Amino acid sequence: MSDHTGVQLDRHAGEQAIAAILGFGTDVMFTLNGGHIWPLYDGARNQGMRVVDTRHEQAATFAAEAYAKLTRRPGFAALTAGPGITNGVSAITSAHFNGSPLVVLGGRAPQGRWGAGSLQELDHVPIVASITKSAGTVTDPSEAGTEVFAAARLAMEPHRGPVFLDFPLDVFGPSSGHVPAPQECDGRGAAPDDQAVARLAEMIAGAERPAFVVGSDVYWDGAWDELRAAVEHLRVPCFFNGLGRGMLPADHELAFLRTRGVLKQRADLVVVLGTPLDFRLGFGSFGSATVAHVVDAEAQRAGHVDVHTVVGDHRLVLAALADHTGERRDHETWIAELSASEKSAAADEQPLLAAGGDTVKPSRIYGELRQRLERDAVVICDGGDFASYAGKFVEVFEPGCWLDTGPYGCLGNGIGYAIAARVVRPESQVVVLLGDGAAGFGLMDVDSLVRHRLPVVMVVGNNGMWGLEKHPMQAIYGWDVACDLQPDLRYDDVVRALGGAGETVTTPDGIGPAFDRAFASGVPYLVNVMTDPADVYPRSSNLA
């Protein structure tokens, strides 16, 4: 039976759990098979949820996080007991740092025999408690649907993040339970303080050279229309990181990619929206500029700096800024200054994007790729220096089209993200940018791409080293250790062996035609580009 409060299911706990997740619109489970979670598969099969399995739980959990990033709905990973869950811990941690609404349901050894040494008997909850919004064990089968629904709802509430529940094997017997109605959760955040928003509007209006730095939480709040209305009304230039990229199309007059250094030199007000004041943003220091911060929840307020902070749903904050009717200083001279700098920087990068010679510069790879990317292409970054070049050169035009590792910096996300991207966006280009070090974490899951018929284009920048470590170690110590990989490794052969296709490119002029073949192939295709090992990415971030 059902009513406005939900439905009563005369089914086992696995069925109830799946029904609860389906209520949020989440229609895919990412998993690796294990006997402790077969009842979840039973529920998925009976209720029409797609099951996508991988070769490693890390890939399954990264795929679930990417599903959340791409859909703004809860991503769902089902992990078997013990090593299944511990294999997913790094991906859960990435979701924690990214504020991604991820639901992880795990198996667990039977409670009735706990302590006797059952297979994979491990108390997972203390392990994941510090990297989740909630972690617990379902002990009453009649409460399974209610508990899973509550966990998913919590994952969606700002500040978003992962949640975890495990199910002892003996909880999956015949039962009946309540599953709450899906309309009980809309993912909206709290209304901001009107006075705090008014003060922020006055700061922007009174500034001579204001700028916005737009981060992932603005995307999670679905605030791209409100952002555009606010910046066009107040005439504020925008810079972006994480899922903030694409919130304004890259060719919008107020969207800037190449002139971030000008913020520390010239801006007198920097408003950071929806991203922490962490190492990526100089810990909240932008030269002499005043800094303001907009966050989606009180817990995101920065504790290490004293700045004007607005707490609330970004849609509501930005809509209020768009409605500001007070006097405003003219910002056109500032916009023109930034536009001139942006145009000059774009001109300066053209020789890099077209670089020839006997060896391949990573920048040439991006010069060729940019010519072939469609506006709705999903670009996935998994690597150090090679992926950093993507942040420098790839332009993003639509929300949800840029998936990077985030501030946790955990490599190995690439293939899992690609699995989800092709599942969610079957008609878009999907491109995975892999350093050769990062490629070692996940290429076995090309098998998953092949088995599930998920064509993507993978690009490996192959310089035979951990470049992010080798060059700095050489600069600091004059030597390096544990930085070298096998030179000229044929990662494309690995992909071919797993049922995909690919090729190795050794010259600049060979890159473009290889990309054309990759995009036309209709299969998982890896372009393995041998790059100049002497090339050093111009890194300036203070990591600590």
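About the criteria used
- Residues numbered from 1 in each chain as written.
- Predicted model: local features only at pLDDT ≥ 70, side-chain atom pairs only at ≥ 80, totals over all residues.
- Heavy atoms only, no water.
- Helix = DSSP H or I, 4+ residues; strand = E, 2+ residues; numbered from the N terminus.
- Rg over C-alpha atoms; globule rule 2.2 N^0.38 Å.
- Buried < 20%, exposed > 50% of the residue type's maximum accessible area, 1.4 Å probe, protein only.
- Contact = heavy atoms within 4.5 Å.
- Lys, Arg positive; Asp, Glu negative; His and termini not counted.
- Charge placed at Lys NZ, Arg CZ, Asp CG, Glu CD.
- Axes fitted to C-alpha atoms, helices over the stretch in contact; angles between N-to-C directions.
- Parallel < 35°, antiparallel > 145°, perpendicular 65-115°, else oblique.
- Left-handed = near helix turned anticlockwise from the far one by under 90°.
- Nonpolar A, V, L, I, M, F, W, Y, C, P; charged D, E, K, R; others polar.
- Pairing = 2+ DSSP bridges.
- Core = buried A, V, L, I, M, F, W, Y, C linked by side-chain atoms within 4.5 Å.

Digging into the overall build of the chain
Then step 1. Helices and strands together make up the secondary structure of the chain, namely 21 helices and 20 strands.
Then step 2. Taking 544 residues into account, the globule formula puts the C-alpha radius of gyration at 24 Å, and the chain, at 24 Å, falls close to it.
Then step 3. Seen through its C-alpha atoms, the chain measures out along the principal axes to roughly 70 × 60 × 45 Å.
Then step 4. Residues classed as buried in the chain amount to 59% of the 544 residues present.
Then step 5. Nonlocal contacts in the chain, meaning residues at least 24 apart in sequence, comprise 75% of its contacts between residues at least 6 apart.
Then step 6. If the 43 positive side-chain charges of the chain are averaged to one point and the 67 negative ones to another, these points end up 3 Å apart.

Notes on the packing of helix 8 (residues 194–206) against helix 12 (residues 314–322)
Then step 1. Across the interface, helix 8 lies against helix 12 with an axial gap of 10 Å and an inter-helix angle of 50 degrees. Taken as axis vectors, helix 8 and helix 12 run oblique relative to one another. The handedness of the crossing between helix 8 and helix 12 comes out as right-handed. Contact with helix 8, carried on its side by Val197, Leu200, Ala201 and Ile204, involves Val317, Ala320 and Leu321 of helix 12 and no other residues of that element.
Then step 2. Classifying every residue of the contact of helix 8 with helix 12 by side-chain character gives seven nonpolar, no polar and no charged.

Side note on the sheet that holds strand 6 (residues 102–108)
Then step 1. The strand order across the open sheet formed by six strands is 4-3-5-6-8-7, and the pairing between neighbours is parallel. Edge positions in the open sheet fall to strand 4 (50–53) and strand 7 (134–137), since each of these has one partner strand only. Sheet twist, expressed as the mean angle between neighbouring strand axes with direction ignored, is 20 degrees.
Then step 2. Here strand 3 (residues 28–31) runs beside strand 4; their pairing, made up of four bridges, is parallel. When the sheet's bridge partners are listed, Met29 is paired in strand 4 with Val51.
Then step 3. The strands that helix 7 (residues 144–156) touches are strand 6, strand 7 and strand 8 (163–168); relative to strand 8, the one it contacts most, it runs at about 160 degrees.

Section: the nonpolar core
Then step 1. In terms of nonpolar packing, the biggest core is built from 86 residues, with Phe30, Phe212, Leu321, Leu443 and Met458 touching the most fellow members.
Then step 2. Counting residues per element, this core draws most heavily on helix 3 (residues 57–71), which supplies eight residues.
Then step 3. Beyond its immediate chain neighbours, meaning those up to four positions away, Met458 contacts Ile415, Val432, Leu434, Leu443, Val446, Leu449, Val495, Pro524, Tyr525, Leu526 and Val527.

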